[in-house]
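# Coordinate inspection notes
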Amino acid sequence: ADRMTFLEHLEELRVRLIRSMVALVLGFLASWIYHEEIFHFLTEPLRKAYPGVKFITTGPSEALVLYMKMAFFVGIFLAAPYLLYQVWAFVAPGLYAHEKSYAVPFIVMGSLFFLGGAAFGHYVLFPTTFGFLIQFGGEDMQFLPKVDEYYSFYSWFLLGLGLVFQLPVIIFVLARIGLVTPGFLIAHFKYAVLASFVLAAVITPTPDVMAQTMLAVPMLALYLLGIVVAWAFGRPRQPAVSVEG
């Protein structure tokens with residue numbers, strides 16, 4: 001195949017971004033139909049820790065904007081397989097023909113790990129964290145959470161976990177292509193520790209050290225899983241075999 005020029009790469013990127021945006025809009029529209037159900041689901045972790053808790057708003061349009069944000073948030077997960085396909089389609093021209101066969105595992109496993117990361121945050125990390133924090137309120141403090149602050153924390157954290165859970169999938173593809181090895185990953189583990197906490201600090205919307213640690217620890221666990229994946233599935237990179245007639 002002919003190599004793409006820089007302008008052709010830019011045009012390809014533009015097309016992929018437009019298609020991704022269309023998918024996100026469609027995901028938003030599909031989610032908006034169930035915006036009230038989505039609100040109850042996304043606030044469930046906090047309401048379980050604080051039974052009877054009431055969220056407060058400080059503006060007349062805040063509830064509408066919140067519903068729109070939540071519908072768009074869920075739309076991201078609905079569009080995730082197509083978004084991953086667009087990512088793969090953009091990088092595929094730079095791969096050998098036999099390496100392009102990893103598209104299906106990348107899209108399927110990437111989607112499952114993305115959902116798995118979000119589910120881990122929703123069902124495990126958030127209930128555990130809120131259950132721990134509730135004991136410090138005491139009877140002298142009434143907890144009245146501002147709904148947009150809760151959603152901001154919740155959404156950024158879950159998106160961060162969804163992206164972080166892509167690490168084993170990315171390592172799988174890179175190991176199959178031959179770009180990373182278990183030895184390389186082990187040798188750079190100390191940098192992975194530093195990168196995990198830096199990335200956790202960037203992703204979490206608050207300077208809460210506990211929240212950052214909650215995100216960094218799963219990151220390191222996934223990195224270690226990636227080492228196992230690279231050991232099990234990795235192989236040296238081999239160029240496509242040309243057949244001369």
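Quick note: structure is the one above.
Sequence order as written defines the numbering, with residues in each chain counted from 1. Since the coordinates come from a predicted model, pLDDT governs what is reported: local features require at least 70, and pairs of side-chain atoms require 80 or more to be given and counted, while whole-chain, interface and lining totals use all residues. Each side-chain value is derived from all of the structure's non-hydrogen atoms; neither hydrogens nor water enter the calculation.

### Brief notes about the packing of aromatic side chains
We apply this condition: Working definition: a ring pair exists when centres of Phe, Tyr or Trp rings (six-membered ring for Trp) sit within 6.5 Å. Plane angles under 30 degrees give stacked, over 60 give edge-to-face, the rest tilted. Under the DSSP-based scheme used, a helix requires at least four consecutive residues in state H or I and a strand at least two consecutive residues in state E, with every element numbered from the N terminus. Accessible area is worked out with a 1.4 Å probe on protein chains only. A residue is then buried under 20% of its type maximum, exposed over 50%, and partly exposed in between.
Enumeration over the complete set of coordinates arrives at 20 aromatic pairs. Ring centres of F73 and Y151 lie 6.1 Å apart, and the angle between their planes is 90°; this geometry places the pair in the edge-to-face category. With F73 in helix α4 (residues 62-91) and Y151 in helix α6 (residues 147-164), the pair connects residues that are 78 residues apart, well separated along the chain. Residue classification places Y151 among the buried residues on the basis of a relative accessible area of 7%. On the numbers, 5.3 Å between centres and 35° between planes, the contact of W88 with F106 is tilted. Of this pair, W88 sits in helix α4 while F106 sits in helix α5 (residues 103-133), and the two are 18 residues apart along the sequence. The pair formed by W88 and F106 is uniform in burial state, with each residue classed as buried. Within the aromatic cluster, the residues linked to one another by ring pairs are F39, F55, Y67, F73, F77, F114, F126, Y150, Y151, F153, Y154 and F157.

### Overview of the packing of helix α2 (residues 35-42) against α4
So the rule is basically this: Axes here refer to lines fitted to C-alpha atoms; in helices the fit is confined to the stretch in contact. Angles between the N-to-C directions go from 0 to 180 degrees. Any angle that is under 35 degrees is reported as roughly parallel, and any over 145 degrees as roughly antiparallel; angles of 65 to 115 degrees are reported as roughly perpendicular and all others as oblique. Only heavy atoms matter for contacts: two residues are in contact if any of them lie within 4.5 Å across the pair. The classification used treats Ala, Val, Leu, Ile, Met, Phe, Trp, Tyr, Cys and Pro as nonpolar, Asp, Glu, Lys and Arg as charged, and all other residues, Gly among them, as polar.
Following both chains from N to C, one finds α2 and α4 inclined at 80°, their axes separated by 9 Å at the closest point. The pairing of α2 with α4 is recorded here as roughly perpendicular in orientation. Residues H35, E36, I38, F39 and L42 of α2 form the contact with α4, whose participating residues are L66, Y67, M70, F73 and V74. For the contact of α2 with α4, the class distribution of residues is eight nonpolar, one polar and one charged.

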